[in-house]
Amino acid sequence: MKKTVYSFLVLFVVLIVSIVIAANSSFLIKKAADKFAPDYKISYDDIRGNIFTGVNIIGLKFDDKMLTKNITFSWNPSKILYKRIAINKIGVESLDVDVLKALIASFPSDDNSTSGSFTFSVLVDEISLSVNPFDEQGIGISKTFLEIKDLTYASDKLDIDDIKLKVDSNITNLSLKASLEDSKLSIEALSIRDVDSVSLERMFLPKENNSTTKTVDSVEAKKQEPLNHLIPTQVELKDFMVSLRPREYKSAYIDKLEVIIHDLNADVAKLISNSENALDIDHYTLLFESSVGDMDVSGNLHKETVTLDHVTLQNIDTLALQKFLPNDNNESNTTQSETVTSIDQNTSEPKEVNHLIPKYIVINTFHTDVLPAKYDPVHILNLALDIKDVKLNMVKLLVENASIDLLGATNLSNFIHHSDIKNNHLLGDVKLTPNQKLFELYKLPLRKEAIGDIVIDLNASEEQIFADLRSNAKNILISQGSDSNNSDVNTSKEFNIDIDSFVSHVVYTIKGNKLNADTKVMITTPYAKDISATNTFVMNDGLSYKGLINVKKLIGI
């Protein structure tokens, strides 16, 4: 009995040693490859190493076409006893994408096959992949390099300690450094530089979009599906940058477009379920330089509030911008109106609040100025707008606070406007200063010095707009006096007019589209004093006007 047991143990040890020696021999691996590989049109130049120290396949081919220059693979087979596939390294060098597609297509597909659950976990210390240049849907990819370290995969989790990806193509250069742990994707740096937007438009921008309804339906369907456990539930983006190559767009030339984001946090589950506070951005900037103007924006997004630290729009070319405005077209307007009406009629239930739209927009400072432009007979010499301390309530469509300053100069007049807005209620004034060109253009026999500044008080709400104009003037007419040869006593004196008081009250009712203007003027002439002129102008469905002139006494006639 002891001899039998002893013989069995010796046989078992010899068998184990034989398996180890066989597995440790590259010769036997080649023999196995030579037997099975030709059935799949796979060949190689050489195989080195073994399953313990690592296998190196040189010149792997499919159908006599080079699939990859070099494949390196090493693993720890002892972990199989613990239902773990422990891979030390996988390296693929100079992979040919076209040959890989042909290899995949050669395998038969069985749609009726069912796969059971994968009970093993996969541990990979290092993965490196480089790809030969290739074209895909008109995109020429010249360089692709992927490096992954410490990958763990199981049926319910996927963790990656370090991911590095670099892709250079004819439309952009992409660089990524990230990690994935406990369903949280942490992107340390992501840059998409020199995007060729012209090529992207040609490839992906549809000419007609007739699938709006289908897209909405698919989105609604996806909302009801449970979130795949392999999809990250949180995304943290530390540094992101995207830039656009200089290009022409219609009649404009874009020199620079760059977006930079720092410290973005997104809750994927909240985004899909349209929940509050799903997105948070610590800082972002937008830089735009073009032939029609420059833009500089900086801000953040916290708790569904977009804060714009500053917004600057400089050197705006209003004449060039006009070419981007849509042309008036009765057919297009009619079609759009009918479409909106049909949507409103079919919408009986209140719309769900989209939490991707911020509840508040806060603008600390806003500045814009335009280049000189000519709109005959008006020539804009200078126009600048400054707004600060703005708070917009996007839920109620309410401007809670704002302070506005507008400064402009034209060949006809200069103006200064200041107003404050509180809960959609604007209160301010406009100061107008007519220029000499205004009187010359319309041949007004008035003295510019006499008119002076004109102040208009503004008071506007959602229902009505009020404007009060008050002014006065002395010797407003340009009078040459009498001719020395003229004996008419009535023309021997200069005739002039003093406007002692000018008050005009204008009310515009927005809902009824009605305008009322009441004006009262007190005038003094050499032949009469305290002339009172009142008039009322009403514009609604029609026009109506009535007025009254009252002269108490004529002098010298």
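Above this note sits the structure.
Residues numbered from 1 in each chain as written. Predicted model: local features only at pLDDT ≥ 70, side-chain atom pairs only at ≥ 80, totals over all residues. Heavy atoms only, no water.

Section: the overall build of the protein
Consideration 1: Helix and strand content of the protein: ten helices and 29 strands.
Consideration 2: In the protein, which comprises 557 residues, the proportion classed as buried is 30%.
Consideration 3: For the protein, the exposed surface amounts to about 36,500 Å²; the carbon and sulfur share of it is 57%. (Helix = DSSP H or I, 4+ residues; strand = E, 2+ residues; numbered from the N terminus. Buried < 20%, exposed > 50% of the residue type's maximum accessible area, 1.4 Å probe, protein only. Areas by Shrake-Rupley, 256 points an atom, 1.4 Å probe, with all protein chains shown as cover.)

Quick word on unusual backbone geometry
For residues that are not glycine, phi is negative in most cases, and the peptide bond is trans in most cases.
Consideration 1: Following D376, the chain continues to P377 via a peptide bond in cis, the omega torsion being 5°.
Consideration 2: If you trace the backbone, P377 turns up in the loop between β19 (373-375) and β20 (378-393).
Consideration 3: In this structure, N274 is a non-glycine residue whose phi angle is positive, near 60°.
Consideration 4: On the secondary structure map, N274 appears in the loop between α6 (268-273) and β15 (279-290).

With respect to the nonpolar core
Consideration 1: Core analysis: the biggest nonpolar cluster contains 31 residues, and Y284 and L308 have the highest contact counts within it.
Consideration 2: Top contributing element to this core by residue count: strand β17 (residues 305-316), with five residues.
Consideration 3: Counting 17 residues, the second-largest nonpolar core is a separate cluster that includes F62, V131, V167 and I171. (Core = buried A, V, L, I, M, F, W, Y, C linked by side-chain atoms within 4.5 Å.)

Describing the side chain of E258
Consideration 1: With respect to the helices and strands, the residue E258 is situated in strand β14 (residues 252-267).
Consideration 2: Nearest to the buried, unbridged E258 among oppositely charged side chains is K256, at 4.5 Å.
Consideration 3: When neighbours within four sequence positions are excluded, E258 is seen to be in contact with M241, V242, S243, T285, L286 and L287. (Lys, Arg positive; Asp, Glu negative; His and termini not counted. Salt bridge = Lys/Arg side-chain N within 4 Å of Asp/Glu carboxyl O. Contact = heavy atoms within 4.5 Å.)

As for the pairing of strand β10 (residues 173-181)
Consideration 1: Taken together, the seven bridges between strand β9 (residues 157-169) and β10 define a ladder with antiparallel strand orientation. Residue pairing in the sheet places V167 in a bridge with L174 of β10.
Consideration 2: Counted along the chain from β9 to the antiparallel partner β10, the turn is three residues long.
Consideration 3: Between β10 and strand β11 (residues 184-195), which pair antiparallel one after the other, the connecting turn spans two residues, and D182 there sits at a positive phi close to 50°. (Pairing = 2+ DSSP bridges.)

Quick notes on the packing of aromatic side chains
Consideration 1: All told, the structure shown has zero aromatic pairs when counted by the stated rule.
Consideration 2: When the ring centre of Y360 is taken as origin, the NZ or CZ atom of K391, which lies over that ring, is 4.8 Å away. (Phe/Tyr/Trp six-rings, centres within 6.5 Å; stacked < 30°, edge-to-face > 60°. Lys NZ or Arg CZ within 6 Å of the ring centre and 35° of its normal.)

A word on a nonpolar patch on the surface
Consideration 1: Residues L271, I272 and L356 make up a contiguous nonpolar surface patch of about 250 Å² in total accessible area.
Consideration 2: The residue L356 is located in the loop between α8 (330-346) and β18 (360-370) in this model.
Consideration 3: For L356, a relative accessible area of 56% translates into the label exposed. (Patch = residues over 30% accessible without salt bridge, like charges linked within 9 Å, V, L, I, M, F, W, Y side chains within 5 Å.)

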